[in-house]
Each structure stands twice: as structure tokens, then as C-alpha cells.
Amino acid sequence: MNGEPVRIAQVIGKLSAGGVESVVYNYYRHMDHTKFQFDFFIDADSTCPPRQELIDMGARYFVVPPYQKLPQHIRALIRLFRENRYKIVHAHMNTLAVFSLFAAWVAGVPVRICHSHSTAGRGEGGKNALKYLLRPFAKLFATNLCACAEYAGRWLFGRQAMEQGDVTVFQNAIELNRFGFDPVVRAEVRRELELEGSFVVGHVGRFCFQKNHGFLIEIFAAIRKCRPDAILLLVGDGGLLDSVKERVLQLELKNAVRFLGVREDVGRLYQAMDVFVLPSRYEGLPVVGVEAQAAGLPCLVSDRVTQEAQLTGNFKFMPLAAGAEHWAKEIVSAGGERRRDASGELREAGFDIVQRASSLQEYYKSAVQQLLP
């Protein structure tokens, strides 16, 4: 561990302002960069650019053909893994990690980490078929297994692997100081966004099938019937954005729904909300749920979210089958709860990025030391 920092290949896939890249970026920001540096491998069809902030810290980005062009994708990875002589490749693409880890195996990379960040849900026929087809092979070329939560680990690697301790869990930790509840910031943001006197419902997530925005809009339409002062803040971008906007127009909610796009100040936006809603069809352990709880927000999430996501008493699971009217009633009721700083509870639960980044650093250090003669 002397001299130059160890460079670790982090295979992200598509940069899309999603939770996985957010988690990996959070960990990188809090690593000792004199000991470890990250090289991010991203697909050429990514919708978000590399982060200059991370490049300034010493990170590098390598753009490769997307996995849909599989032969070119694998060849590019093999070449780059060989050229850079990586000791560790850390793949974050769930079942698709089999391809990058195969490339790492061919390139002779000794430590090959498969990291589970999610699961599967109903309704994504072709995508789910591919997930279930590849799942038995996910750890075939891996030397190490990681997951964001036990639920995600069991889904990808199996119950036995979890029970035997073969999977290391690294929580989707966050910088707690950025998200703790602050009434002064709340007042500032609500003034900036002209939300004073409004009942603010918030959601952060990519516009994709998994996040279930269509149902969220139906819920919000029901909320407006009893709370005409309600405003919905939607933070994020994605392929289904236009269809969601169209549904908002059909329900005559244009003046009540704010599409804020991809934001760098999500921590401030949580302060302006009164309730956070996540009606996902499936999840691993959503980092936005961790952030919202740190901000002291009442959170209503679908019963498809892992139970491990509940870190405070302000977190309630709702059945997707309950219907929009029932969700709306519970959300309006939860909005009257008093906000408080919950960062201490999250720190005790292991979601402080400073502590968890240190653990990941030790994990890498141990893996490298095992390679020494």
C-alpha cells in the first residue's frame, strides 16, 4: 500500500443520475485518495456526463460501447483492464455484471467484485427475463460478493450465500450533515420555489417503470381533492418523462406539479417537502429513502421496498394494491407530523458515509494484501 494509490475499476454502466452512481460517488468522495482512486467505466449511451468534481479529485472515466453491443463491450473492457493492470474490478450492474467480470477474468484481474444493488419486479417482461436468465451466472467470475442490503444480496446470490457470510453488505450510506433537517433552509427553499402556504409532496427518482410515476400522479390527483393547496415536486429525468408530463396535462394538474429535472441540491429540496412518497414496483435499498429519512421527512413507500429501508419511526409501508385514494388519505395524514433531525438514528444504523467509506477502504486493502506473496 506504499507509493501510488491503487486504482480500482468501478463498472457503472449507464450514467443516468440514478441511485447506483450516487452511492458509488458518495463512497469515492470519502475515500483516502492517496491510497485508493476510482476509474469509472460507463456506457457510451449514458444520458449524464462525467463529474468534473470527481475528476478533480483524481478519478478517471473510461467510455465503452454499451452492453447491448456485447462483443464490442467485452473487448473494450478486456483491453482497458489489461492496459491499466487493475488489481480490483468492482461491478455494479447486478446480473449484467457477469459480462464485465468475465472480461476482468480474461484480463487476469485477481479481485473481481459483484455488487447487488437491486432486485426484480413484475411488469418488465423482457428486462426481467434477462435478469432471471443471467442471475445464476452473476457470481460465476466473481471472487467477492457485495450487496446494498440483505434483501438485494439474497435475490442475486441466494439465501445460502447470505447465511454463510459470503456476501458483504455496504449500506447506501450518505453524508448525513447534508440532509439533516434545518428549519432555516426549509424556509429559504420554500420561499425560492414559491411554496409558502402549500402542502408539498416530494419524489426523487428516474422516470422509469421501476419508480411507478404513473401511479404517483394518480395518487397526487386524489390528494388535490382534499388538499387543493398541494404541490408535487418531481426531481429526476428519464425515458418516461414525456408520458408522465402528458398524464399531468390530462388530469389538469399542470399548475400543481413541478418537474425540477436532475438537481445538485437535492438535500435542500428535501427540506421544502412535507411528505416523501416512493411507490416503486421494486427496489434494493433506495438511497433516496435514506436521504429523506435523514431530512426528518415522513416517508410513505410501497410494500415492494425492502423492510431494511425503514430506519426511523417516520417510515410507513403501503400496499401498491391499496389504490390511489387510500394512499392519498395516508399521505395527507402523515403531512401533519412534526419534522425532526434523524441523522443520529441513521448514524447508529450504519448509514454515515464517513464510517462506511472507511469500511470499504479496509475491504479493498484486505483484498489487495491477500495478493501479496
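Here the residue numbering is sequential within each chain, running from 1 through the sequence in written order. Local features in this predicted model are restricted to residues of pLDDT 70 or higher, and side-chain atom pairs are both shown and tallied only at a pLDDT of 80 or more, whereas totals for entire chains, interfaces and linings draw on every residue. As a rule here, side-chain values come from all non-hydrogen atoms in the structure, and water together with hydrogens is ignored.

Here we look at the overall build of the protein chain
The helix count covers DSSP runs of H or I at least four residues long, the strand count covers runs of E at least two residues long, and both are numbered beginning at the N terminus. A tally of helices and strands in the protein chain yields 16 helices and 13 strands. Taken over the C-alpha trace, the protein chain has a radius of gyration of 21 Å; the compact-globule value for 373 residues is 21 Å, and the two agree within 12%. Think of it in three bands: residues with accessible area under 20% of the maximum for their type are buried, residues over 50% are exposed, and the middle band is partly exposed, with areas taken using a 1.4 Å probe on protein chains only. Among the 373 residues that make up the protein chain, the fraction classed as buried is 57%. Nonlocal contacts in the protein chain, meaning residues at least 24 apart in sequence, comprise 70% of its contacts between residues at least 6 apart. Accessible surface for the protein chain amounts to roughly 16200 Å². Of this, 49% is attributable to carbon and sulfur atoms. Just to be clear, the radius of gyration here is over C-alpha atoms, and the globule rule we use is 2.2 Å times residues to the power 0.38. The contact rule is simple, with two residues in contact once any of their heavy atoms fall within 4.5 Å. Surface accessibility in these figures is a Shrake-Rupley result with a 1.4 Å probe; residues are shielded only by whichever protein chains are displayed.

What to know about the pattern of salt bridges
For this analysis, a salt bridge means a side-chain nitrogen from Lys or Arg found within 4 Å of a carboxyl oxygen belonging to Asp or Glu. Applying the stated criterion across every chain yields a total of 22 salt bridges. With a shortest N-O distance of 3.8 Å, Arg268 and Glu188 are connected by a salt bridge. Residue Arg268 is found in helix 12 (residues 266-272), and its partner Glu188 is found in helix 9 (residues 183-192); the two are separated by 80 residues along the sequence. Judged by its relative accessible area of 28%, Arg268 is partly exposed. Residue classification places Glu188 among the partly exposed positions, given a relative accessible area of 31%. The partner of Glu330 in a salt bridge is Lys316, and the shortest N-O contact between them spans 2.6 Å. In this pair, Glu330 sits in helix 14 (residues 324-334) while Lys316 sits in strand 13 (residues 315-318), placing the two residues 14 residues apart along the sequence. Relative accessible area serves as the criterion here: at 19%, Glu330 is assigned to the buried category. Assessed through its relative accessible area of 38%, Lys316 is described here as partly exposed.

Some points on the pairing of strand 8 (residues 199-204)
When you tally the buried positions in strand 8, you get six out of six residues, the bulk of the element. Only when DSSP finds a minimum of two bridges between them are two strands counted as paired. In this structure, strand 8 lies alongside strand 9 (residues 230-235), joined through six bridges in parallel fashion. Residue pairing across strands places Gly202 opposite Leu233, the latter belonging to strand 9. A clockwise course of the path from the first strand over the helix to the second, judged with the strands pointing away from the viewer, identifies a crossover as right-handed. In this region the chain leaves strand 8, passes through helix 10 (residues 213-226) and returns to the parallel neighbour strand 9; the handedness of that crossover is right-handed. In terms of strand pairing, strand 8 meets strand 11 (residues 275-278) through two bridges, oriented parallel. Residue Gly202 lies in a different strand from strand 11, and its bridge partner there is Phe276.

Re the packing of aromatic side chains
What counts as a ring pair is set by centres within 6.5 Å for rings of Phe, Tyr and Trp (its six-membered ring), and what kind of pair is set by the plane angle: stacked under 30 degrees, edge-to-face over 60, tilted for all other angles. As enumerated under the stated definition, the model contains 23 aromatic pairs in all. Both rings, one in Phe41 and one in Phe62, keep their centres 5.1 Å apart while their planes meet at 20 degrees; by these two values the pair is stacked. Of the two residues, Phe41 is situated in strand 2 (residues 36-43) and Phe62 in strand 3 (residues 60-64); the sequence distance between them amounts to 21 residues. Accessibility assignment for this pair places Phe41 and Phe62 in one class, buried. Aromatic side chains Phe315 and Phe317 sit 5.2 Å apart centroid to centroid with 75 degrees between the ring planes, which places their arrangement in the edge-to-face category. Its relative accessible area of 5% is what places Phe315 among the buried residues. The structure contains a cluster of three or more aromatic residues connected by ring pairs, namely Tyr25, Tyr27, Tyr28, Phe36, Phe38, Phe40, Tyr61, Phe170, Tyr363 and Tyr364. In this structure, Arg135 packs its charged tip against the face of Trp155, placed 4.6 Å from the ring centre. Taking the ring centre of Phe209 as reference, the NZ or CZ of Arg281 above it sits at 3.9 Å. Consider the ring centre and the ring normal. A charge sits over the ring if Lys NZ or Arg CZ is within 6 Å of that centre and within 35 degrees of that normal.

A word on unusual backbone geometry
For Glu194, which is not a glycine, the phi torsion comes out positive at approximately 55 degrees. Relative accessible area serves as the criterion here: at 65%, Glu194 is assigned to the exposed category. Even without a glycine there, the phi angle at Glu252 is positive, about 55 degrees. Structurally, the position occupied by Glu252 is in the loop between helix 11 (241-250) and strand 10 (257-261). Assessed through its relative accessible area of 72%, Glu252 is described here as exposed.

Section: the pairing of strand 12 (residues 299-302)
Covered by surrounding structure in strand 12 are Cys299 and Val301 together with Leu300 and Ser302, the residues of both alternating faces. In this structure, strand 11 lies alongside strand 12, joined through three bridges in parallel fashion. What sits directly across from Leu278, in strand 12, is Val301. In terms of strand pairing, strand 12 meets strand 13 through four bridges, oriented parallel. Residue pairing for strand 13: Leu300 is matched across the bridge by Lys316.

So, the nonpolar core
In this structure, Phe40, Ile223, Tyr270, Met273, Phe276, Ile331 and Tyr364 are the most contacted members of the largest nonpolar core, which totals 102 residues. Among the elements that line this core, the one with the most residues is helix 10, at eight residues. For Phe276, the residues in contact, after removing those within four places along its chain, are Gly202, His203, Val204, Tyr270, Val288, Ala292, Leu297, Pro298, Cys299 and Leu300. Among the nonpolar cores identified, the runner-up in size contains 38 residues, and Leu80, Ala120, Ala147 and Trp155 belong to it. Residues belong to one nonpolar core when they are buried, are Ala, Val, Leu, Ile, Met, Phe, Trp, Tyr or Cys, and are joined through side-chain atoms within 4.5 Å.

Quick look at the environment of Glu4
Summarising the element assignment, Glu4 is placed in the segment before strand 1 (6-13). As a C-alpha pair, Glu4 and Val109 span 105 residues in sequence and 18 Å in three-dimensional space.

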